[in-house]
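Chains, contacts and geometry: an overview
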Amino acid sequence: MQNLFSRGGAVDIAMGWLGLLASTSLLVKAIELTRHDASPTWSMIAGALVVLSLHRLYRIRRDRPESNM
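Residues numbered from 1 in each chain as written. Predicted model: local features only at pLDDT ≥ 70, side-chain atom pairs only at ≥ 80, totals over all residues. Heavy atoms only, no water.

**Describing the overall build of the protein chain**
In terms of helices and strands, the protein chain carries 2 helices and 0 strands. Evaluated residue by residue, the protein chain yields a buried proportion of 19% over its 69 residues. Contacts in the protein chain between residues at least 24 apart in sequence constitute 52% of all its contacts with a sequence separation of at least 6. A total of about 5700 Å² of accessible surface is found on the protein chain, and carbon and sulfur atoms cover 66% of it. (Helix = DSSP H or I, 4+ residues; strand = E, 2+ residues; numbered from the N terminus. Buried < 20%, exposed > 50% of the residue type's maximum accessible area, 1.4 Å probe, protein only. Contact = heavy atoms within 4.5 Å. Areas by Shrake-Rupley, 256 points an atom, 1.4 Å probe, with all protein chains shown as cover.)

Okay, here's the thing in structure tokens:
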């Protein structure tokens, strides 16, 4: 049985998707605040978090061992 908490396991992948969801919602809120005269720095930081979340999901997928079936 595969360990669910190992790198590339089910929990690791779920946390990656949860991080992407949270950073995307933060980006949407930051854009909304920027439209109401807030600092555009919030949008840039939130955009960077989205990129980092996508990079993490890419690395998990790339490092996952291929099944030989």
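**Things to note about the packing of helix α1 (residues 10–35) against helix α2 (residues 41–63)**
It is the contact of α1 with α2, at a shortest axis distance of 8 Å, that shows an interaxial angle of 160 degrees. Considering their axes alone, α1 and α2 lie roughly antiparallel with respect to each other. Relative to α2, the crossing made by α1 is left-handed. In terms of residue class, the contact of α1 with α2 is made up of 15 nonpolar, 8 polar and 2 charged. (Axes fitted to C-alpha atoms, helices over the stretch in contact; angles between N-to-C directions. Parallel < 35°, antiparallel > 145°, perpendicular 65-115°, else oblique. Left-handed = near helix turned anticlockwise from the far one by under 90°. Nonpolar A, V, L, I, M, F, W, Y, C, P; charged D, E, K, R; others polar.)

**With respect to unusual backbone geometry**
Notably, Asp37 is not glycine yet its phi reads approximately 70 degrees, a positive angle. Mapped onto the elements of the fold, Asp37 is located in the loop between α1 and α2.

**Things to note about a nonpolar patch on the surface**
Taken together, Leu4, Val11, Met15, Leu18 and Leu21 make up a surface patch of nonpolar side chains, about 460 Å² in accessible area. By the element assignment, Val11 lies in helix α1. (Patch = residues over 30% accessible without salt bridge, like charges linked within 9 Å, V, L, I, M, F, W, Y side chains within 5 Å. Salt bridge = Lys/Arg side-chain N within 4 Å of Asp/Glu carboxyl O.)

**So, the side chain of Ser23**
Inspection of the secondary structure assignment puts Ser23 in helix α1. The exposure class assigned to Ser23 is buried, which follows from its relative accessible area of 6%. Ignoring any residue separated from it by four or fewer positions in sequence, one finds Ser23 in contact with Ala46, Leu49, Val50 and Ser53.

**A closer look at the pattern of salt bridges**
In total, this model carries 2 salt bridges according to the counting rule given. For Glu32, the salt bridge goes to Lys29, with nearest N and O atoms at 3.5 Å. Taken together, the residues span about one helical turn, with Glu32 and Lys29 both in helix α1 at a distance of 3 residues. Glu32 sits in the partly exposed class, given a relative accessible area of 39%. We classify Lys29 as partly exposed; its relative accessible area is 42%.

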